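These are the residues of each chain, in order.
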Amino acid sequence: MSFFQKYFGGWTFRSTRPSFEPGDEIDVFVAETNGTDAGLAYVGDTKLRVEGAGPETVEKRVRVRVTEFDETDATGNGEFLEIVGESSYTS
């Protein structure tokens, strides 16, 4: 094994446009809401519309089940499952 292989072994690079499969359950922060029944979450440049994420979920960490995803546009839909945490930036 070369020094290069040993030094960089196990390194991976993350994409700014992660993709998801329907059925995936992920934890995200809800950035904004339409005021009633859906929120928006951003994972890098990927945008998810979260059904059922109302105003009480903004700036909260929530668990979402992905229902559909378009890898070409890096957009998708998901359903809100539960709040799993708070943001460290909220007071």
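Figured I'd write up the structure that's included with this text. (Residues numbered from 1 in each chain as written. Predicted model: local features only at pLDDT ≥ 70, side-chain atom pairs only at ≥ 80, totals over all residues. Heavy atoms only, no water.)

## Points about the overall build of the protein chain
So, step 1. Check the secondary structure of the protein chain and you find one helix and five strands.
So, step 2. For the protein chain, the N- to C-terminal ordering of α and β elements is α-β-β-β-β-β.
So, step 3. Of all intrachain contacts in the protein chain linking residues separated by at least 6 positions in sequence, the fraction that spans at least 24 positions is 52%.
So, step 4. For the protein chain, the accessible surface area stands at approximately 6300 Å², while carbon and sulfur atoms represent 49% of it. (Helix = DSSP H or I, 4+ residues; strand = E, 2+ residues; numbered from the N terminus. Contact = heavy atoms within 4.5 Å. Areas by Shrake-Rupley, 256 points an atom, 1.4 Å probe, with all protein chains shown as cover.)

## Description of the sheet that holds strand E4 (residues 60-70)
So, step 1. Spatial ordering of the closed barrel is given by E1-E2-E3-E5-E4, a layout of five strands whose pairing is mixed. Shown here is a sheet whose adjacent strand axes are inclined to one another by a mean of 50°, direction ignored.
So, step 2. Sheet analysis places strand E3 (residues 46-51) next to strand E5 (residues 75-86), joined by five bridges and oriented parallel. Looking across to E5, one finds that Glu51 is bridged to Glu79. (Pairing = 2+ DSSP bridges. Axes fitted to C-alpha atoms, helices over the stretch in contact; angles between N-to-C directions.)

## A closer look at a negative patch on the surface
So, step 1. There is a patch of like negative charges on the surface, built from Glu21, Glu68, Asp70, Glu71 and Asp73.
So, step 2. Along the polypeptide, Asp70 turns up in strand E4.
So, step 3. Owing to a relative accessible area of 31%, Asp70 belongs among the partly exposed residues under this scheme. (Patch = residues over 30% accessible without salt bridge, like charges linked within 9 Å, V, L, I, M, F, W, Y side chains within 5 Å. Salt bridge = Lys/Arg side-chain N within 4 Å of Asp/Glu carboxyl O. Lys, Arg positive; Asp, Glu negative; His and termini not counted. Charge placed at Lys NZ, Arg CZ, Asp CG, Glu CD. Buried < 20%, exposed > 50% of the residue type's maximum accessible area, 1.4 Å probe, protein only.)

## A look at the nonpolar core
Among soluble globular proteins, nonpolar side chains are generally buried collectively.
So, step 1. In this structure, Phe20, Ile26, Val28, Val30, Ala41, Leu48, Val50, Ala53, Val62, Val64, Val66 and Phe69 together form the largest nonpolar core, which totals twelve residues.
So, step 2. Contributing elements (two or more residues each) for this core: strand E1 (25-33), E3 and E4.
So, step 3. When residues of this core are assigned to their parent elements, the largest contribution, four residues, is made by E4.
So, step 4. When residues no more than four places from it in sequence are discounted, the contact partners of Val66 are Phe20, Glu21, Pro22, Gly23, Asp24, Ile26, Asn77 and Gly78. (Core = buried A, V, L, I, M, F, W, Y, C linked by side-chain atoms within 4.5 Å.)

## Brief notes about the pairing of E4
So, step 1. Note that E1 and E4 share five bridges and pair antiparallel. What sits directly across from Phe29, in E4, is Arg61.
So, step 2. Alignment of E4 against E5, held across ten bridges, turns out to be antiparallel. Across the sheet, Arg65 pairs through a bridge with Glu79, a residue of E5.

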